[in-house]
Amino acid sequence: MRQEDISEIWFEYEGTPLKWHYPIGLLFDLLASSSALPWNIIVHFKSFPEKDLLHCPSKDAIEAHFMSCVKEADALKHKSQVINEMQKKDHKQLWMGLQNDRFDQFWAINRKLMEYPAEENGFRYIPFRIYQTTTERPFIQKLFRPVAADGQLQTLGDLLREVCPSVMAPEDGERKNQVMIHGIEPMLETPLQWLSEHLSYPDNFLHISIIPQPTD
Amino acid sequence: MPASVLWAVDLFGRVYTLSTAGQYWELCKDTQLEFKRVSAATQCCWGIACDNQVYLYMCASDVSIRCREEAYENQRWNPMGGFCEKLLPSDRWPWSDVSGLQHRPLDGVALPSPYWEWESDWYVDENFGGEPTEKGGWTYAIDFPATYTRDKRWNSCVRRRKWIRYRRYKSRDAWAKIPSKDDLKDLPDPFNDLSVGGWEITEEPVGRLSVWAVSLQGKVWYREDVSHSNPEGSSWSLVDTPGEAVQISCGPHDLLWVTLWEGQALVREGINRNNPKGSSWSIVEPPGSENGIMHVSAGVSVVWAVTKDRKVWFRRGVNSHNPCGTSWIEMVGEMTMVNVGLNDQVWGIGSEERAVYFRQGVTPSELSGKTWKAIVAGRESDRSHSGSSSSLLSAGCFFGDEVKGGSESAPSDTDAAAEVERPRPEWSAPEEPLDNSRDPKDSAALGPETGGTAECASENLCPDAGAREAAQASVGSARPLPASAAAELPWTSIDLKEPRKIPSHSAAGFAETTSHSSLGLLPLGLDEPYGADDHPLWAWVSGGGCAVEAGSMLKWFTVQSGLSPSVQTLSLSISPAQTATWRKQIFQQLTERTKRELENFRHYEQAVEQSVWVKTGTLQWWCDWKPHKWVDVRVALEQFTGHDGARDSILFVYYIVHEEKKYFHVFLNEVTVLVPVLNEAKHSFALYTPERTRQRWPVRLAATTEQDMNDWLALLSLSCCESRKIHGRPSPQAVWSVTCKGDIFVSEPSPDLEAQDHLLPCDQMFWRQMGGHLRVVEANSRGVVWGIGYDHTAWVYTGGYGGGCVQGLASSTSNIYTQSDVKSVCIYENQRWNPVTGYTSRGLPTDRYMWSDASGLQECTKASTKPPSLQWTWVSDWYVDFSVPGGTDQEGWQYASDFPASYHGYKTMKDFVRRRCWARKCKLVTNGPWLEVAPIALGDVSIIPESPENPEGDGRGHNIALWAVSDKGDVLCRLGVSELNPVGSSWLHIGTDQPFASVSIGACYQVWAVARDGSAFYRGSVSPSQPAGDCWYHIPSPPKQRLMQVSVGQTSVYALDENGNLWYRGGVTPSYPQGSSWEHVSNNVRRVSVGPLDQVWVIANKVQGTHGLSRGTVCRRTGVQPREPKGQGWDYGIGGGWDHISVRANATRASRNVSQEQKAHGPVSC
């Protein structure tokens, strides 16, 4: 390949350009969860799909995007109180820990983002995003509290019933899709607060993929 | 925090309790008695029943209330018959009290009430001031009143001996009528209200309680002599009041408020330690003239009141110095009554719907709280769920069939059965699975994260939860009466005079919400609990025994079903979140996913090669040479990951001296311990290597914030552990130690730590920190570890690791719980006498500071003295400490001829100076792998070391002997302790004739103990089948020394005296386990721990290093061999502030030596 042919790098899987600002686990769940491993993707250096992808000028852009997600998540969870109390070096440690695959470094800081006051039963709102391959809309994100007004803990099922009822109650009764987080299907009875604490991505969001039930 | 209970009475006079750990009101079993009023303290509850008699309910405790009766037998020598009972006419009675003035024949000593029983018959006390007496306990003197000696001399004309007999209070967990004396003149008219409090006026072990009552005629009565050892008190005495009282409230400390018929409040002034009844009254006017006060309730520094228009008022500015306060503040809400409980928390009963409300947000800084929150906990019959965790959690309300007007009758079958099942209040939750073959606590200890254990636990718990839900559902639908019907009930039903006979099962029913005639018509389900939406009507609430910490979680406010969030539960049992199906399913799927995505691709090369990770920062470093100060340094921690995945790290410290850049470095695999050194000013820590330990000269680093220090400590300790490949919970053989700051350290013993030759020098031991705060920690090699806090609370190790300042990955996520500890900071007020003004705070120019520390060298005023470090917060005001050694006068003063001198508690002609000790309590809240063993506070604990000759074959279930001494000096033996249940089940109280201080059990069940008088005792015949043994053998202390601590290994017995001398018990043989004499081993010892290999480790007072001196140093006795159990010398380990060590778990010795060892030991008394 000639040098002049190389412009900006991008990836594609089965015709879909892969968004770099989505976690790779989410992309895999959403697009390829039924495919055989290892995941084969195509690397492009030409014809950047301007309308599908954001440009990624540098590593700093990824860091900036990551930090903005973390901040957004904390705004939902703690009115940004936790993230704002952190120092610059703590923010840096979060990113460096992620970048260098140093879970201990990352978690030393992220732990604080996962705490909530003892008198509450959870976060203020759960930072989540629901992705569906079947719709044009990139994702669903709404305000959703982990504890209902009557004190009951909200579950994953409660969330889906409220924010995308089509998933839960299809016309003919039988569910035709899978609810995936991190490559697994948690039961719909799982409390959302627990999921948010334990199955959030490093950006502190719970990325939930709704994908069609594989046909055997 | 252990569960404690809130007491309440409903409109029908039934008494309920609600545990802080539970979510259901539990009915007291006894429906024969209805109550009008109850007033609770932690250990007991007083009440006025509908027969207008006063009853006392003592909560069950493993330690019995014992009271010693004494009588003296006096004899005089005469030439004819030697010593005989015939005394001179001028002499005392032949049987008398200690003074000789009162006649006291043995058979004339009667039990004070039917609720007492004799423990044994009279016997002669053969112990005389710590020395055993000969010849039947006689002590001799020239004449009566004189000094008695144990030896009979030529001029001993009289002799006497002491007879003792113990009586025991037997009414536990039952209402016992307070006897009213027949003497009609003193008998008060029926009581109308009653309040207990004042327990903070005197410290333990006195445990005095102020019980105040108001009679129907409006008179105020005080119950005399109510104390721990005399729970019933002796008599009522009248306290004159300027008006007619209707209601009374006594706070935990010195507040006493009374409501007057006319609507004012009376406040008692002058209540103090020497005068618990107070001296005078002052009147407080109600907030408004039209509506007088109807009800008051006093706490430690608050008073709440309700006026006749049901409005709630908060009294501002109330404290010990100003018991009247300054002004009223109106609060939101309408109540019929309010009650202030422990920690000044407040409960009330709403005037409309008669629900119990809890005041939210009451903290020491905001005593008025924020909002009222209704307690919606349902009522549940204890019978229906006798196996469920919720009913077990609220302890203390299982009534016996005691109230029978004094006459005894045999309990019925059902009651007897219930009695057997009755859970012990101090440890309820983990007992639940005992009837199951598997104990979920064990699985919790193994880590509930693993799918397999979660499965087994859920099998235990789920059916029960399901059954309860089903039961609730059925009740909810079948409930015959709407709540509104109940609300229309006549209020007079509280004053029902005749005790109704209700079938015992109706306790569980709700029939009485209608009229009594319909009682038989309702279908009463024996096993149906109350529906969650059933709305009880309350008449009275008392929080005097209910400890709610500010900001703690309570389950009272939501009706919870089945699953609870992943909130930490305060019990060892697995929380529902950990057992839920969804959780298991997630773990199972993650395991499968990992297999699917990783397993088959192991041969793929790592995409990113990583080797070095650097963390940098700025710290301060103590420059130990000139200029001897903290200097700012840059630090960098470099971590390398080798090809094998092993990590190693180097800490670089860059500093500038004389404008010259320099650095030094430390290999973290050489670091032996990292010790946090917190004080008022600095967040610092010390770092030791073997070399630095020998020098007694650690690297000291400080951070600007606590958070910063914790981050560095966590990172450094993680790096140390990684380089030594230490992870997870300490092994059962671990050596535990505690510093004077209460920090807990644990070291993994290598096999050559106790080797015969080439033994590992103990300065090379690596110590890592465990979360928590303890004063004492004791372990045995089966993984049972107990600790005692500075506040004497007992703690059991949960199997977790980390916590405290050890956060992040070095900490386990489960089995870490909140732990708190309380200690006192003491300062001294010093005064000098001068002929003009007497004692004043004006000293001589050469004198010490008039406010100082104990040594007098440091000035310490009340205002300037701060808690020991920023982790501690004050939880009390300054108070005079009367329990200082040497005794005090009534105001707490100790006298001496001059400063620094020996102080005594009374003034003589020669005393020119005096001092008194002021103490202030401070509290620390941290977390760690510890759970409280409530409710008995301990002074010492010892767990049987496993003999090395008795290897693993014993099975995990067998009982492990554990002995303890309570803070009051009672000797206790813990039953049911095993590997699977390290907390055990209950205490067995071992009677002693005097308070004890220390206890130790050896590998062959040799129990040795030290009494507070400094003498030693050996307990005979202790064995697995007879865990309590049979009797004590008194063993005199070494001459002129008072023993303080004892430790027994496999065969060796060591004791420590007050002057730091270590003694070995010589002549101990299997047939004569008491031994023959004390042999001096060493001085300079502060604490001793003898292990199962008879290894001897101590905390030495002072050890000199090449660069410094360390106080409180871990040392091992070298050269200890079977033929030479006393050893030869010392090997010096980590030091500088160590207070306690336990090597009693370490039975590992390099294997080649074990067989040798066994042969050499020969016959051992096992």
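Basis of the calculations
Residues numbered from 1 in each chain as written. Chains lettered and ligands numbered in written order. Predicted model: local features only at pLDDT ≥ 70, side-chain atom pairs only at ≥ 80, totals over all residues. Heavy atoms only, no water. Helix = DSSP H or I, 4+ residues; strand = E, 2+ residues; numbered from the N terminus. Buried < 20%, exposed > 50% of the residue type's maximum accessible area, 1.4 Å probe, protein only. Contact = heavy atoms within 4.5 Å. Areas by Shrake-Rupley, 256 points an atom, 1.4 Å probe, with all protein chains shown as cover. UniProt positions renumbered as here; feature names shortened; annotations may be inferred. Patch = residues over 30% accessible without salt bridge, like charges linked within 9 Å, V, L, I, M, F, W, Y side chains within 5 Å. Salt bridge = Lys/Arg side-chain N within 4 Å of Asp/Glu carboxyl O. pLDDT = per-residue confidence, 0-100. Pairing = 2+ DSSP bridges. Axes fitted to C-alpha atoms, helices over the stretch in contact; angles between N-to-C directions. 1 Å grid on protein atoms, 1.4 Å probe; cavity = no way out; pocket = protein on both sides within 12 Å on 5 of 7 lines; lining within 4 Å. Points joined across faces, edges and corners; volume = space filled by probe spheres on them. Nonpolar A, V, L, I, M, F, W, Y, C, P; charged D, E, K, R; others polar. Buried area = accessible area lost by both parts, 1.4 Å probe. Polar contact = N/O pair within 3.5 Å; in protein donor to acceptor, adjacent residues only side chain to side chain. Left-handed = near helix turned anticlockwise from the far one by under 90°. Domains from an automatic or database assignment.

Participant: Teacher, can you tell me more about the overall build of chain B here?
Facilitator: Helix and strand counts for chain B come out as 10 helices and 71 strands. Within the span of chain B, comprising 1166 residues, buried residues form 56% of the whole. Within chain B, contacts between residues at least 6 apart in sequence are counted, and of these 58% link residues at least 24 apart. Here chain B has roughly 49,300 Å² of accessible surface; of this, 52% comes from carbon and sulfur atoms.

Participant: It is not clear to me how the UniProt feature "domain: Peroxin/Ferlin" (unreviewed entry) in chain B should be interpreted in this structure. Could you clarify?
Facilitator: Residues and elements named next belong to chain B. Those residues carrying the UniProt feature "domain: Peroxin/Ferlin" (unreviewed entry) are residues 64–125, 137–170, 820–881 and 892–925 in this numbering. For residues 820–881, helix accounts for 0% and strand for 40%, while the C-alpha atoms at its two ends are 22 Å apart. Spanning residues 892–925, this segment combines 0% helix with 50% strand, and its end C-alpha atoms are found 30 Å apart.

Participant: How should I be thinking about a nonpolar patch on the surface in this particular structure?
Facilitator: Taken together, the side chains of A:Ile9, A:Phe11, A:Ile41 and A:Val43 make up a nonpolar region of the molecular surface, amounting to roughly 290 Å² of accessible area. On the basis of relative accessible area, A:Ile41 is assigned to the partly exposed category, the value being 35%.

Participant: Before we go on, may I ask you to explain the confidence of the model for chain B in this structure?
Facilitator: Interpretation of the predicted coordinates at a detailed level should be avoided for regions scoring low in pLDDT. Residue and element names in this part refer to chain B. Overall, the predicted model of chain B reaches an average pLDDT of 78, with 79% of residues at or above 70. Of the regions scoring below 50 in pLDDT, residues 382–533 engages in 238 contacts with residues more than four places distant in sequence or in other chains. Scoring the predicted complex yields pTM 0.71 and, for the interface, ipTM 0.88.

Participant: In this structure, what is going on with the sheet that holds strand S57 (residues 971–975) of chain B? I would like to understand it.
Facilitator: Residues and elements named next belong to chain B. Taken together, the 4 strands give an open sheet; going across it, the order is S55-S56-S57-S58, and neighbouring strands pair in antiparallel fashion. The open sheet has two edge strands, strand S55 (938–943) and strand S58 (986–990), and neither has a second partner. The sheet shows a mean angle of 30° between the axes of neighbouring strands, direction not considered. With 5 bridges connecting them, S55 and strand S56 (residues 962–966) associate as antiparallel partners. Bridge pairing links Val941 to Ala964 in S56.

Participant: It is not clear to me how empty space enclosed by the protein should be interpreted in this structure. Could you clarify?
Facilitator: A water-sized probe rolled over the atoms picks out the places where empty space is left. All names here are of chain B. Here the structure, examined in full by the defined rule, presents 7 cavities of 30 Å³ or more. Of the voids in this model, the second largest cavity is the one considered here, and its volume is about 190 Å³. Lining the second largest cavity are 25 residues, and of these Ser39, Ser195, Ser249, Cys250 and Asn339 lie nearest its centre. Of all the secondary-structure elements, those providing two or more residues to the lining of the second largest cavity are strand S4 (35–40), strand S17 (191–197), strand S21 (245–250), strand S25 (293–298), strand S28 (327–340) and strand S33 (538–542). Looking at the lining of the second largest cavity, its residues break down into 13 nonpolar, 11 polar and 1 charged.

Participant: Would you take a moment to explain the interface of chain B and chain A for this structure?
Facilitator: You'll often see interface size given as the accessible area lost when the parts meet. Counting from both sides, the interface comprises 35 residues of chain B and, opposite them, 35 residues of chain A. Carbon and sulfur atoms supply 60% of the area that chain B and chain A bury against each other, a total of about 2,900 Å² over both sides. Run the count over chain B and chain A and you get 1 salt bridge. A:Lys89 serves as the salt-bridge partner of B:Asp708, at 3.7 Å between the closest nitrogen and oxygen.

Participant: For this particular structure, what's the right way to read the environment of B:Gln247?
Facilitator: All names here are of chain B. Examined against the element boundaries, Gln247 turns out to sit in strand S21. On the basis of relative accessible area, Gln247 is assigned to the buried category, the value being 4%. Between the C-alpha atom of Gln247 and that of Ala213, which follows or precedes it by 34 residues, the distance is 8.2 Å. The contact partners of Gln247, leaving out residues within four places of it in the chain, are Asp193, Val214, Trp257, Val258, Thr259, Met294, His295 and Val296. Only 2.8 Å separates the side chain of Gln247 from the backbone nitrogen of Val296, close enough to count as a polar contact.

Participant: I'm lost on the packing of helix H2 (residues 59–78) of chain A against helix H4 (residues 88–99) of chain A in this one. Help?
Facilitator: Each pair of packed helices gets described by two things: the angle between the helix axes and the distance between those axes. All names here are of chain A. Interhelical geometry of H2 versus H4 gives an angle of 120° and a closest axis separation of 11 Å. Between H2 and H4 the crossing geometry is right-handed. For the pair H2 and H4, the contacting residues are Lys59, Ile62, Glu63, Phe66, Met67, Val70 and Lys71 in the first and His91, Lys92, Leu94, Trp95, Leu98 and Gln99 in the second. In the contact of H2 with H4, the residues fall into 7 nonpolar, 2 polar and 4 charged.

Participant: Would you mind going over the domain arrangement of chain A with me for this structure?
Facilitator: Residues and elements named next belong to chain A. Segmenting chain A into domains produces domain 1 (1–56), domain 2 (59–114) and domain 3 (128–212). Between the C-alpha centres of domain 2 and domain 3 there is a distance of 23 Å. At the interface, 13 residues of domain 2 touch 10 residues of domain 3. For the domain 2 and domain 3 pair, buried surface summed over both sides reaches about 930 Å², with 60% attributable to carbon and sulfur atoms. Broken down residue by residue, the surface that domain 2 buries against domain 3 is led by Cys69, Leu76 and Met114, which jointly contribute 45%. Across the domain 2-domain 3 interface, the total number found is 1 salt bridge.

Participant: Before we go on, may I ask you to explain the side chain of B:Thr307 in this structure?
Facilitator: Within the fold, B:Thr307 resides in strand S26 (residues 303–307). If we skip the residues at most four places from it in the chain, B:Thr307 touches B:Pro287, B:Asn291, B:Gly292, B:Ile293, B:Met294 and B:Trp313.

Participant: Honestly, unusual backbone geometry in this entry has me stumped. Any pointers?
Facilitator: Backbone geometry follows two general trends: most residues other than glycine have a negative phi, and most peptide bonds adopt the trans configuration. Residues and elements named next belong to chain B. If you check the backbone angles, His792 has positive phi at about 70° while not being a glycine. Looking at the element boundaries, His792 is found in the loop between strand S45 (785–788) and strand S46 (794–797). A positive phi angle, near 60°, is found at Lys1040, a position not held by glycine. With respect to the helices, strands and loops of the structure, Lys1040 is situated in the loop between strand S62 (1032–1035) and strand S63 (1043–1048).

Participant: Explain the pairing of strand S1 (residues 5–10) of chain B here, please?
Facilitator: For a regular strand, side-chain orientation follows a simple rule: the groups alternate between the two sheet faces. All names here are of chain B. Most of S1 is tucked away: 6 of the 6 residues are buried. Neither face of S1 is exposed, since Val5, Trp7 and Val9 on one face and Leu6, Ala8 and Asp10 on the opposite face are all buried. The pairing of S1 with strand S2 (residues 15–19) spans 5 bridges and is classified as antiparallel. Across the sheet, the residue bridging to Leu6 is Leu18, located in S2. Direction of pairing for S1 relative to S33: antiparallel, over a ladder of 4 bridges. Looking at S33, one finds that Trp7 is bridged to Ser542.

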